Amino acid sequence: MNETHSQPGLVSWDDLGWEIRREGEALVREYAGVFNRETVQRFVAESAHALSDARRQEFVPLFVRRFARERLRDIAIGEGLMSKDRPEILFVCVRNAGRSQMAAAFASRLGGEGVTVRSAGSMPGDEVHPAVVQAMDEVGLDLSQEFPKPLTDDVVKVADVVITMGCGDACPIYPGKRYLDWEVDDPAELDIEGVRRVRADIEGRVKTLLAELGVAVA
């Protein structure tokens, strides 16, 4: 059982609100036998600190649980405590507020159960761009409860393919990974028509990527 793996965050477990502690207790149960209580609590506290600037504060407990859960999973896979049975794609941009969120949403819908999809930002923002939420809603993809997530080494380690979009050298390089850089316009600098063009561009790239990975498109 993994005893400890990451450094304590700036927020302790006891300082967290009851809603976040409740979500953390659910993770303690989920990862029983893989991580001890103290390790899970540490990741929850660190995740709460990392997401403390999120604009949608009403969703922070949910965000914290999802982010902590992903981080615990990454560590468990990286240390051979859990296995994965499908390709894993990581989409990275600077703010994780536009391009990478759009790509992840399309990959999740099109790839279905055949792929695991993650996204992150080298300097994550405090919310997904409203124009991006609007444009994706137009094609039936709801990003209203998505949130920008920090890029961690562990999420890169477990990915099979890493797609970067405008974040330069911020993404760590590990042998055996496939890295691709997509030159896609930043939606933050565009009006809604421009965002729709980016949406179409990204959807096409995602379909090509899934086909290359042998993932059946839903």
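Residues numbered from 1 in each chain as written. Predicted model: local features only at pLDDT ≥ 70, side-chain atom pairs only at ≥ 80, totals over all residues. Heavy atoms only, no water.

A. Highlighting the environment of Cys-93. Topologically, Cys-93 is positioned in strand 1 (residues 88-93). The class of Cys-93 is buried, set by a relative accessible area of 3%. Between the C-alpha atom of Cys-93 and that of Val-28, which follows or precedes it by 65 residues, the distance is 31 Å. With sequence-adjacent residues up to four places away left out, Cys-93 is seen in contact with Arg-99, Ser-100, Ala-120, Gly-121, Ser-122, Met-165 and Cys-167. (Helix = DSSP H or I, 4+ residues; strand = E, 2+ residues; numbered from the N terminus. Buried < 20%, exposed > 50% of the residue type's maximum accessible area, 1.4 Å probe, protein only. Contact = heavy atoms within 4.5 Å.)

B. A look at the environment of Trp-182. Its location among the elements puts Trp-182 in the loop between strand 4 (178-181) and helix 7 (192-212). As a C-alpha pair, Trp-182 and Arg-99 span 83 residues in sequence and 9.9 Å in three-dimensional space. Excluding residues within four positions of it along the chain, Trp-182 makes contact with Phe-91, Ala-103, Ile-163, Thr-164, Met-165, Arg-205, Val-206 and Leu-209.

C. Up close: the nonpolar core. Counting 30 residues, the largest nonpolar core has Phe-91, Met-136, Ile-163, Met-165, Trp-182, Ile-202 and Val-206 as its most contacted members. Of all the secondary-structure elements, those providing two or more residues to this core are strand 1, helix 4 (99-111), helix 5 (130-137), strand 3 (161-165) and helix 7. Apart from the residues within four sequence positions on either side, Val-206 is in contact with Phe-91, Ala-103, Phe-106, Ala-107, Leu-110 and Trp-182. (Core = buried A, V, L, I, M, F, W, Y, C linked by side-chain atoms within 4.5 Å.)

D. Examining the packing of aromatic side chains more closely. Tallying each qualifying case throughout the model produces four aromatic pairs. Summarising the aromatic geometry, the rings of Phe-63 and Phe-147 are spaced 4.3 Å apart at their centres and angled 20° between planes, so their arrangement reads as stacked. One end of the pair, Phe-63, is in helix 3 (residues 60-78); the other, Phe-147, is in the loop between helix 5 and helix 6 (153-158), with 84 residues separating them in the sequence. In this structure Phe-63 comes out as buried when scored by relative accessible area, which is 2%. For Phe-147, a relative accessible area of 3% puts it in the buried group. One aromatic cluster is present, built from ring pairs that chain together Phe-59, Phe-63 and Phe-147. (Phe/Tyr/Trp six-rings, centres within 6.5 Å; stacked < 30°, edge-to-face > 60°.)

Fair warning: the whole summary comes from geometry, so function is off the table for now.
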